[in-house]
Amino acid sequence: MDHEGATVLVVEDEPSIADVLAIALRYHRFEVITAGSVRQARQSAGQTRPDVALLDVMLPDGDGRVLARELRERYPETAVVFVTARDAPAEIVGALGYGDDYITKPFNVDEVVARINAVLRRTRPADVLPVRPPLRYGDLELDDATCAVRRAGRSVQLTPTEYALLRFLVRNGGRIVPKDQLLRHVWQYEHQAESTVVETYISYLRRKLDPLGPPLITTRRGIGYGLA
């Protein structure tokens, strides 16, 4: 892929559309974070510093164009692509003043992937990795450049799978992540499996993280896991 591993923040308040976009982008090996509102998008962008923000224009708590302007001011390295049903020429021209591209609904997911890759080719060479600040959540800090983890200033030794699981929980902030989503993202299981692998690795993380502070990982029984 052109920019395999790039992070895309999908800001869409319609769950079915957000799910379609997230599934397609993950299939093409993008990292995907979803948000259903301006407030959630601000929080997620601050935690993850996405390579691309895929924004709806009409959001329940604000205007996607205003959000785009904020993101460009705070994170100038983040590209912005609008995905919206508002297809009047004046709307498109106006929105392009805030972003890098504009896709109208209904859309073809292959087109969305192609547009994201095209925007990334314009804004960032494929062979140059961005310098990212460490991911932070509370007293937890993850450094993607070295895969180092620290909690309350103390180093935590994790295996690659443990790091991938913790990283995905951190990128989803305080949201509960369903078990099947963890299986797809961390272990590349395409279908729900009768597997205890998630529970096993959650217990490994708790064993290493809990001695350094208050319990960090929460369980929503029958649904999934998140961070306290």
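Residues numbered from 1 in each chain as written. Predicted model: local features only at pLDDT ≥ 70, side-chain atom pairs only at ≥ 80, totals over all residues. Heavy atoms only, no water.

Draft legend 1. Structural view of the overall build of the protein. Along the backbone of the protein there are 8 helices and 14 strands. Here the protein holds 228 residues, and the buried ones make up 46% of them. About 11400 Å² of surface is accessible on the protein, with carbon and sulfur atoms providing 52% of the total. (Helix = DSSP H or I, 4+ residues; strand = E, 2+ residues; numbered from the N terminus. Buried < 20%, exposed > 50% of the residue type's maximum accessible area, 1.4 Å probe, protein only. Areas by Shrake-Rupley, 256 points an atom, 1.4 Å probe, with all protein chains shown as cover.)

Draft legend 2. Representation of the sheet that holds strand E3 (residues 52-55) within the structure. Read from one edge of the open sheet, 5 strands run E2-E1-E3-E6-E7, paired in parallel fashion. With one partner strand each, in any of the chains shown, strand E2 (31-35) and strand E7 (101-104) form the two edges of the open sheet. Recorded for the sheet is a direction-independent mean angle of 20° between the axes of neighbouring strands. Here 5 bridges tie strand E1 (residues 7-11) to E2, and the two strands are oriented parallel to one another. Residue pairing in the sheet places leucine 9 in a bridge with isoleucine 33 of E2. (Pairing = 2+ DSSP bridges. Axes fitted to C-alpha atoms, helices over the stretch in contact; angles between N-to-C directions.)

Draft legend 3. Main features of the environment of valine 83. Inspection of the secondary structure puts valine 83 in strand E6 (residues 79-84). Note on valine 83: relative accessible area 3%, which makes it buried. For the pair valine 83 and aspartate 56, spaced 27 residues apart in sequence, the C-alpha separation works out to 5.1 Å. Leaving out residues up to four positions away in the same chain, valine 83 has contacts with Leu54, Leu55, Asp56, Val57, Ile103, Lys105 and Phe107. (Contact = heavy atoms within 4.5 Å.)

Draft legend 4. Looking closely at the packing of helix H6 (residues 160-171) against helix H7 (residues 179-187). Two numbers describe how H6 lies on H7: the axes approach to 10 Å, and their chain directions differ by 130°. Classified by the angle between their axes, H6 and H7 sit oblique to one another. When the axes of H6 and H7 are compared, the crossing they make is right-handed. Residues Thr161, Ala164, Leu165, Phe168 and Leu169 of H6 touch H7, and the partners they reach there are Gln181, Leu182, His185, Val186 and Trp187. Partitioned by chemical class, the residues of the contact of H6 with H7 number 7 nonpolar, 3 polar and no charged. (Parallel < 35°, antiparallel > 145°, perpendicular 65-115°, else oblique. Left-handed = near helix turned anticlockwise from the far one by under 90°. Nonpolar A, V, L, I, M, F, W, Y, C, P; charged D, E, K, R; others polar.)

Draft legend 5. The arrangement of unusual backbone geometry in detail. The amide bond that connects lysine 105 to the next residue, proline 106, takes the cis arrangement and shows omega of -5°. Tracing the chain through its elements places proline 106 in the loop between E7 and helix H5 (109-123). Positive phi values are uncommon outside glycine, yet alanine 152 reaches one of about 55°. Here alanine 152 lies in the loop between strand E10 (148-151) and strand E11 (154-156).

Draft legend 6. Quick peek at the pattern of salt bridges. A full pass over the atoms with the stated rule returns 13 salt bridges. Between glutamate 12 and lysine 105 there is a salt bridge, and its shortest N-O distance comes to 2.9 Å. With a gap of 93 residues between them, glutamate 12 in the loop between E1 and helix H1 (15-27) and lysine 105 in the loop between E7 and H5 connect regions that are remote in the sequence. Put simply, arginine 72 and aspartate 100 hold a salt bridge, and the shortest N to O gap is 3.4 Å. Taken together, the positions of arginine 72 in helix H3 (residues 64-74) and aspartate 100 in the loop between helix H4 (89-96) and E7 put the pair 28 residues apart, joining distant regions of the chain. Linked through salt bridges whose partners overlap, the residues forming this network are Glu12, Asp56 and Lys105. (Salt bridge = Lys/Arg side-chain N within 4 Å of Asp/Glu carboxyl O.)

Draft legend 7. Summary view of the packing of aromatic side chains. Following the criterion strictly, the structure yields 2 aromatic pairs and no others. Considering the side-chain rings of phenylalanine 82 and tyrosine 102, the 6.3 Å spacing of their centres and the 50° angle between planes classify their relative orientation as tilted. Here phenylalanine 82 is found in strand E6, whereas its partner tyrosine 102 is found in strand E7, with 20 residues between them in sequence. When its relative accessible area of 0% is taken as the criterion, phenylalanine 82 is described as buried. Relative accessible area serves as the criterion here: at 7%, tyrosine 102 is assigned to the buried category. Consider the rings of tyrosine 201 and tyrosine 204, whose centres lie 5.1 Å apart with planes at 75°: the pair is edge-to-face. Of the two residues, tyrosine 201 and tyrosine 204 are both situated in helix H8 (residues 197-209); the distance of 3 residues between them amounts to about one turn of the helix. (Phe/Tyr/Trp six-rings, centres within 6.5 Å; stacked < 30°, edge-to-face > 60°.)

Draft legend 8. Expanded view of the packing of H6 against H8. Close contact between H6 and H8 brings their axes to 10 Å; oriented N to C, the two are set at 85°. As the angle between them shows, H6 and H8 are arranged roughly perpendicular. Contact with H6, carried on its side by Thr161, Glu162, Leu165, Leu166 and Leu169, involves Tyr201, Ile202, Tyr204, Leu205, Lys208 and Leu209 of H8 and no other residues of that element. Taken together, the residues of the contact of H6 with H8 break down into 8 nonpolar, 1 polar and 2 charged.

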